[in-house]
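One-letter residues, chain by chain:
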Amino acid sequence: MKKLLNTLYVTTEGAFLRKDGETVAVEIDGTTRTRLPAHLLGQIVLFGETAMSPGLMVHAAETGLSVAWLTYSGKLAGRLEGPQTGNVLLRRAQHRATDDPAAALPVARAVVAAKVANQRALLRRHLRDYGDTPGATEVDAAQRRLADAARHALDAPNLDALRGMEGDAGNAYWAVFPFLIRNGDPAFAFTGRNRRPPRDAINAVLSFLYALAALDARAACETHGLDPQMGFLHRDRPGRHSLALDLMEEVRAPLCDRVTLSLVNRRQLKPGHFERQETGAVLLNDEGRKLVLTEWQARKRTELRHPWLDERIPLGLVLQIQAQLLARHLRGDVDVYPGWLWG
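Report follows, based on the coordinates.

The rules we used
- Residues numbered from 1 in each chain as written.
- Predicted model: local features only at pLDDT ≥ 70, side-chain atom pairs only at ≥ 80, totals over all residues.
- Heavy atoms only, no water.
- Axes fitted to C-alpha atoms, helices over the stretch in contact; angles between N-to-C directions.
- Helix = DSSP H or I, 4+ residues; strand = E, 2+ residues; numbered from the N terminus.
- Parallel < 35°, antiparallel > 145°, perpendicular 65-115°, else oblique.
- Left-handed = near helix turned anticlockwise from the far one by under 90°.
- Contact = heavy atoms within 4.5 Å.
- Buried < 20%, exposed > 50% of the residue type's maximum accessible area, 1.4 Å probe, protein only.
- Pairing = 2+ DSSP bridges.
- Salt bridge = Lys/Arg side-chain N within 4 Å of Asp/Glu carboxyl O.
- Expected span 1.5 Å × (residues − 1).
- Polar contact = N/O pair within 3.5 Å; in protein donor to acceptor, adjacent residues only side chain to side chain.

### Focus on the packing of helix H6 (residues 201-223) against helix H9 (residues 286-300)
Step number 1: Two elements in contact, H6 and H9, have axes separated by 11 Å at closest approach and are oriented at 50°. Taken as axis vectors, H6 and H9 run oblique relative to one another. As H6 packs across H9, the resulting crossing turns out to be right-handed. Facing H6, whose interface residues are Val205, Phe208, Leu209, Leu212, Ala213 and Asp216, H9 presents Arg289, Val292, Leu293, Trp296 and Lys300.

Structure (structure tokens):
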């Protein structure tokens, strides 16, 4: 199992990274601000106008250190990859399974059932802690619908029906999401999920965190020799990393949505942490991104019990473990792929 290695997020405009002995040095305006042991880094994520030296690029490619460049809004601009690794027999088994609807369906069912169950768990936590607040009746009705949806997903007759069930469950979840926002500031009003571009503060944070989760999911796929583009639930599309998107579905609510709600409800995020562009897009500014990243990393260090392994792990390791379990399933070591349930 891969250890929970650190991720270095670089958000300061003009920052430059270089290899300095056995460390990665971060320079800003010609001054070295910090040095980190290279062997302790599992991923480097750079935002906007940041750069790194050719020497560090070579080191990353040779050692498998993942490097990704994102726009300030969190959209993936590019990645640095070394030589192709992994077991060709595993990838062939994955390709055969994803190309066969009968083989793909059980994995996709597990993913959707876990995703919907984890969305329900978030609603139930709200009811437990804030059951006397406005909207409790609507939230309770939604969590009951999600309970039924998660159960029916396990019996979906085909992939198209399963995707329809996922969509219906998502509509029920997002319809009551505004009741989970206890910050009454109009700047954090939420009327529904929107993206490309996000048009309000809540969607700006959600889209930003989903982009980070997708990067972690892709890294998990590659760590365990899986092809991140060949998915079971998401349809094939040029440039889409469908398997990474499949895996991240299970952690959207407990990781991304939970971080968003925590930052907004604790009033850590303020209207001044966002900027509105002429296109109508609402994006986090530099200070806002740093605040969100700090909470993101803290949330990933939270320990919980993995129901299938029956041991406590950091939340940030869930994607790695799920990718490992999927690889074992494809190799025939595990009869079924066990979706991760947030308990």
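After that view, the rundown keeps rolling.
### Description of the pairing of strand S3 (residues 23-28)
Step number 1: In terms of burial, S3 is a largely internal element, six of the six residues being buried.
Step number 2: Of the pairings in the sheet, the one linking strand S2 (residues 16-20) to S3 comprises five bridges and is antiparallel in character. Bridge pairing links Lys19 to Val24 in S3.
Step number 3: Counted along the chain from S2 to the antiparallel partner S3, the turn is two residues long, and its residue Gly21 has a positive phi close to 65°.
Step number 4: Both S3 and strand S4 (residues 31-37) contribute to a ladder of six bridges, which runs antiparallel. If you follow Ile28 over to S4, its bridge partner there is Thr31.

### Points about the sheet that holds S3
Step number 1: Within the open sheet, the four strands sit side by side as S4-S3-S2-S6. Their pairing is mixed. Both outer strands of the open sheet, S4 and strand S6 (51-52), are each paired with one neighbouring strand and no more.
Step number 2: Lying over the sheet, helix H1 (residues 54-63) contacts S2, S3 and S6, oriented at roughly 70° with respect to S2.

### Observations concerning the pattern of salt bridges
Step number 1: Scanning all chains against the criterion turns up 19 salt bridges.
Step number 2: Note that Arg18 is salt-bridged to Asp20, the shortest N-O span being 3.7 Å.
Step number 3: On the basis of relative accessibility, which here comes to 25%, the residue Asp20 falls in the partly exposed class.
Step number 4: Here Arg266 and Glu295 are joined by a salt bridge, their closest N and O atoms 3.1 Å apart. Of this pair, Arg266 sits in the loop between helix H8 (252-265) and strand S9 (274-276) while Glu295 sits in helix H9, and the two are 29 residues apart along the sequence.
Step number 5: On the accessibility criterion, Glu295 (17% relative accessible area) is buried.
Step number 6: Here the salt bridges do not stand alone but share partners, grouping Arg18, Asp20, Glu27 and Arg35 into one network.

### Looking at unusual backbone geometry
Step number 1: Backbone torsion omega between Arg196 and Pro197 reads 0°, so that peptide bond is classified as cis.
Step number 2: Topologically, Pro197 is positioned in the loop between helix H5 (159-176) and H6.
Step number 3: We note that Arg267 has phi near 60°; this positive angle belongs to a residue other than glycine.
Step number 4: Its place among the elements puts Arg267 in the loop between H8 and S9.

### Re H6
Step number 1: If you check H6, its first and last C-alpha atoms are 33 Å apart, about what 23 residues at 1.5 Å a residue would give, namely 33 Å.
Step number 2: Its side-chain oxygen 3.2 Å from the backbone nitrogen of Ile202, Asp200 forms the N-cap of H6.
Step number 3: In the stretch just after H6, Gly225 is the one whose phi turns positive, near 80°.

### Remarks on the pairing of strand S5 (residues 41-47)
Step number 1: For S5, the buried fraction is high: seven of the seven residues fall into the buried class.
Step number 2: With five bridges joining them, strand S1 (residues 6-10) and S5 adopt parallel strand pairing. In the strand pairing of S5, Thr7 is matched with Gln43.
Step number 3: Two elements, S5 and strand S7 (residues 66-70), share five bridges in a ladder whose sense is parallel. Bridged to Ile44 within S7 is Val67.

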